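# Secondary and tertiary structure notes
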Amino acid sequence: MERSVIAPRTLSDREIFHRLGLEPGWLSEIGDKILAAYSQATPNDAANAGGSFAYFEAVRSFRDALIPKGWHTKRSNNLELTENPKKTFCIAVSSGDKYTGNVRVEPSTKNTKGNQTKKIVLSNCKRPSLFPEIDEAVRKNEADVGMTWIFLYHFDFEKAEMRMELSLPTGFDVSESKIQGWDKRLILPPIEFDASAIIPSEPDDATPEFEFEIRRKKDE
């Protein structure tokens, strides 16, 4: 697949968002809510509270914004997803590293990921079309599989901005258990904030990924 980085507020940017059934403004509003949740952490909270607050808000805000438009809640082995109306692709959320939103350098997820994230990345690599909902063969034969996009966000306290992108993962570093390869990256405009008024989460941008497999105990 040909990799590309799509700058914000361009014709290509608007076209891909349109195909995905999204508006950049919706994602910017979600970003505002994530930042507000992150900033709620106080000195009396746990050290990683800001990152946890941000993750929970990201999941909820996507659903609050998109479910009224026909999207669906989906959980895959406790990986939280929001699925489009045609059930042809999903969106997951994750904190990203310092290269999130950088058009010159590919980012990775900030924290390690589990087997379910690895599976969705491998599934993305097998898909024959960036937009399976307009691919007749995929719609007939594999509509139940779909792609999974990742909404990455990063709080940069040096630049006092939150950077975001909606990107399609196609590479997974097994040694580090992180997503480190992307087919398409849709960069969103950064959101500025007052760094002196927010407590950085420690470890930086900690966001949980609740992935665990429940197996029924075999009868002895």
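Structure report, in brief. Please read these numbers as outputs of a predicted model, since none were measured by experiment.

### Description of the packing of aromatic side chains
Here the structure, examined in full by the defined rule, presents eight aromatic pairs. Each ring, one from phenylalanine 62 and one from phenylalanine 151, has its centre 5.1 Å from the other, and the planes form 70 degrees; the classification is edge-to-face. Taken together, the positions of phenylalanine 62 in helix α3 (residues 49-66) and phenylalanine 151 in strand β5 (residues 147-156) put the pair 89 residues apart, joining distant regions of the chain. Accessibility classification places phenylalanine 62 together with phenylalanine 151 in one group, the buried group. Where phenylalanine 157 meets phenylalanine 193, the ring centres are 5.4 Å apart and the plane angle is 70 degrees; that geometry is what we call edge-to-face. Taken together, the positions of phenylalanine 157 in the loop between β5 and β6 (161-173) and phenylalanine 193 in the segment after β7 (178-192) put the pair 36 residues apart, joining distant regions of the chain. Judged by relative accessible area, phenylalanine 157 falls into the partly exposed class, the value being 22%. The ring of tryptophan 26 has lysine 69 sitting right over it, with the charged end atom 4.6 Å from the ring centre.

Rules used throughout
- All chains use their own residue numbering, which begins from 1 and follows the written sequence.
- Given that this is a predicted model, residues contribute local features only at a pLDDT of at least 70 and side-chain atom pairs are listed and counted only at 80 or more, while totals for whole chains, interfaces and linings are drawn from all residues.
- Here the side-chain values reflect all heavy atoms present in the structure, with hydrogen atoms and water set aside.
- Stacked, tilted and edge-to-face are the three classes assigned to paired rings of Phe, Tyr and Trp, where Trp is represented by its six-membered ring and a pair needs centres within 6.5 Å; plane angles under 30 degrees give stacked, over 60 edge-to-face, the rest tilted.
- Here a helix means four or more residues in a row that DSSP labels H or I, a strand means two or more in a row labelled E, and each is numbered from the N terminus.
- A 1.4 Å probe rolled over the protein chains alone gives each residue an accessible area, and that area as a share of the maximum for its type sets the label: buried under 20%, exposed over 50%, partly exposed in between.
- Two limits define a charge over a ring: the Lys NZ or Arg CZ must be within 6 Å of the ring centre, and within 35 degrees of the ring normal.

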